[in-house]
Amino acid sequence: VVTVPDLPGATPRLHKPAPSSPTASDPQKEEEENVERICCRCHQLTHQGKVRLGESVDRTDFRQALIKIVKDNPRAAILALVDVMDFHGTILTDLKDIIGDRHPVILCVNKIDVLPREMSSMRLNRWVQRQAANLELWVYDLLLISAAKGANIGKVFEVLRNVCSNEGRDLYVIGTTNVGKSTFINSLLKKGFLKNHRRHETTTSVFPGTTLDLIDFPLPIHPRNRLFDTPGILSDTQLSAKLQFDELKLITPRKRLKPRTYRVSKGQSMIFGAGLGRVDLTDGRPIYFTVFMSSTISIHITKTERVDEVLKKLTGTLLSPPSTFERHQALGWSFRFTKKLRGIGWGESVKDVVFSGFGWIALTGCGNFRIAAWGASNADVRTRPPLM
Ligand code: GDP
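Quick caveat, the model's predicted, so the values are computed rather than measured.

What counts, and where the lines are drawn
Residues numbered from 1 in each chain as written. Predicted model: local features only at pLDDT ≥ 70, side-chain atom pairs only at ≥ 80, totals over all residues. Heavy atoms only, no water. Buried < 20%, exposed > 50% of the residue type's maximum accessible area, 1.4 Å probe, protein only. Helix = DSSP H or I, 4+ residues; strand = E, 2+ residues; numbered from the N terminus. Pairing = 2+ DSSP bridges. Core = buried A, V, L, I, M, F, W, Y, C linked by side-chain atoms within 4.5 Å. Domains from an automatic or database assignment. Contact = heavy atoms within 4.5 Å. Patch = residues over 30% accessible without salt bridge, like charges linked within 9 Å, V, L, I, M, F, W, Y side chains within 5 Å. Areas by Shrake-Rupley, 256 points an atom, 1.4 Å probe, with all protein chains shown as cover. Salt bridge = Lys/Arg side-chain N within 4 Å of Asp/Glu carboxyl O. Lys, Arg positive; Asp, Glu negative; His and termini not counted. Charge placed at Lys NZ, Arg CZ, Asp CG, Glu CD. Near = heavy atom within 4 Å. Polar contact = N/O pair within 3.5 Å; in protein donor to acceptor, adjacent residues only side chain to side chain. Nonpolar A, V, L, I, M, F, W, Y, C, P; charged D, E, K, R; others polar. Axes fitted to C-alpha atoms, helices over the stretch in contact; angles between N-to-C directions. Parallel < 35°, antiparallel > 145°, perpendicular 65-115°, else oblique.

Caption draft 1: Fine view of the pairing of strand β11 (residues 268-272). Counting buried residues in β11 gives four out of five residues, a clear majority hidden from the surface. Alignment of β11 against strand β14 (residues 299-303), held across five bridges, turns out to be antiparallel. Looking at the pairing, S269 lines up with T302 of β14. The pairing of β11 with strand β12 (residues 277-284) spans four bridges and is classified as antiparallel. Along β12, the bridge assignment pairs M270 with V279.

Caption draft 2: Quick look at the nonpolar core. L66, I78, F87 and I99 are the most contacted members of the largest nonpolar core, which totals 42 residues. Elements represented by at least two residues in this core include exactly α3 (59-72), β2 (76-83), α5 (95-99), β3 (105-110), α6 (121-134), β4 (139-144), β5 (170-174) and β17 (359-376). Summarising the domain contributions, this core has at least three residues from each of domain 1 (53-235) and domain 2 (245-384). Look past the residues within four positions of I78 in its chain and what remains in contact with it is L66, V70, I99, P104, V105, I106, L171, Y172 and I174.

Caption draft 3: Examining a positive patch on the surface more closely. Together, R117, K149, K255, R256 and K258 make up a region of like positive charge exposed at the surface. Here K149 is to be found in the loop between β4 and α7 (153-166). Looking at K149, the relative accessible area reads 59%, which means it is exposed.

Caption draft 4: Broad picture of the site of the ligand. Looking at the ligand, there are 19 residues lining it, with D113, N178, K181, S182 and T183 nearest. In this structure, a nitrogen atom belonging to the ligand sits 2.7 Å away from a side-chain N or O atom of D113. The backbone of G180 places a nitrogen or oxygen atom 3.0 Å from an oxygen atom of the ligand. In isolation the ligand offers 580 Å² of accessible surface; the protein chains occlude 87% of this area. Top contributing element to the shell around the ligand by residue count: helix α8 (residues 181-190), with three residues. Tallied by class, residues from the shell around the ligand come to five nonpolar, nine polar and five charged.

Caption draft 5: Representation of the packing of α7 against α8 in the model. At a closest axis distance of 10 Å, the pairing of α7 and α8 adopts a crossing angle of 80 degrees. The pairing of α7 with α8 is recorded here as roughly perpendicular in orientation. Of the residues in α8, those in contact with I153, V156 and L160 of α7 are F184, S187 and L188. In terms of residue class, the contact of α7 with α8 is made up of five nonpolar, one polar and no charged.

Caption draft 6: Spatial organisation of the side chain of T315. Considering the arrangement of structural elements, one finds T315 in the loop between α10 (307-314) and α11 (325-331). Of note is the side chain of T315, whose polar atom sits 2.5 Å from the backbone oxygen of L311. Residues contacting T315, with those up to four places away along its chain left out, are A274, V310, P322, S323, T324 and F325.

Caption draft 7: View of the environment of T60. Its location among the elements puts T60 in helix α3. Residue classification places T60 among the partly exposed positions, given a relative accessible area of 41%. Spatially, the C-alpha atom of T60 lies 9.4 Å from that of L234, the residues being 174 residues apart in sequence.

Caption draft 8: Highlighting the pairing of β5. Most of β5 sits out of view: five of its five residues are buried. Here β5 shows no split at all, with D170, Y172 and I174 on one side and L171 and V173 on the other all buried. In terms of strand pairing, β2 meets β5 through five bridges, oriented parallel. Across the sheet, residue A77 finds its bridge partner in β5, namely L171. Pairing geometry for β5 and strand β8 (residues 226-229), over three bridges, is parallel. Bridge pairing in β8 places L171 opposite L227.

Structure (structure tokens):
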């Protein structure tokens, strides 16, 4: 019998547990001690044929450990997974400072299956390339993938083959939590592009107390070719870390996003869910807000001065998630930024406002206008060049 915590974010047990004490007398304790203890990842690989990365590590600790990895292994290559919906929030923006320019980076932009049908792949490619160029990394290859649907996973393997067998490099897969790293590794395993993992390794960073738990997967290319899975990078500005499981399920898009467009006037606010985020139009002529979020997130437009009253009255009925006003209060929300923008016409958006973890809105209009943005908990809200 194997007991394994199966909760998202659960801390895995030790890979090799310490032997139990022979002096224990409590029967429940004795029963527990007869149980073989292995970590979640080992269990799920062995018994369910899949990896669940419940483990995560703080951003600062991850940075320090990665510095040590690339210092110790001059042949390290990085496979960085990012979420297409929140490119800038899921990439380590200072990756260049951490790894320098002697380590190639394979950039895999995940979850492309949720993008609307109207999204042209040429535009997406160009947009991603432009964002990647700003990172000033040695981008060995850039791939648009869907780990969940298996799209372009074969192409990823071809790139891995080149990097590993031709260049003799070790690969380190990195990504923030929820970017789809477990799904990605499972997809490689399912297609036979990875063999089941050999062992865990812990790398100690140059700073005491900072370690990184790595899982070593052999690639079916050559015994010396290795791919290391690293724990998810946790950021306290990620909304997913603050949400309950059922809320997280509701905000995560499962299907292609269907853009919803609304006309918003000065003095009005658009609320997403029951206070997951909000944008006010504080000045200018009316503009269009096009929302790219899961249809399970409610959208409501009201006068800015009425926002609090509306939330109190409609949370749990017209507005959700979260489903209760108390939960909204527990998460809290606060002002993020105000921005003056100049619309470039009705045919093209001027900016996206991205809400970390659950989508974005595109702003379209003419002339000058000003917006104010709000976010739940301390989750990131940012602007970026329009994706669509
Ligand atoms: P991890 O924390 O990085 O290991 O992320 P997971 O693999 O657990 O995935 C986080 C969430 O994103 C889950 O709800 C997945 O189902 C979802 N997900 C992962 N990859 C994809 C993808 O390619 N497309 C879509 N639509 N969802 C994905």
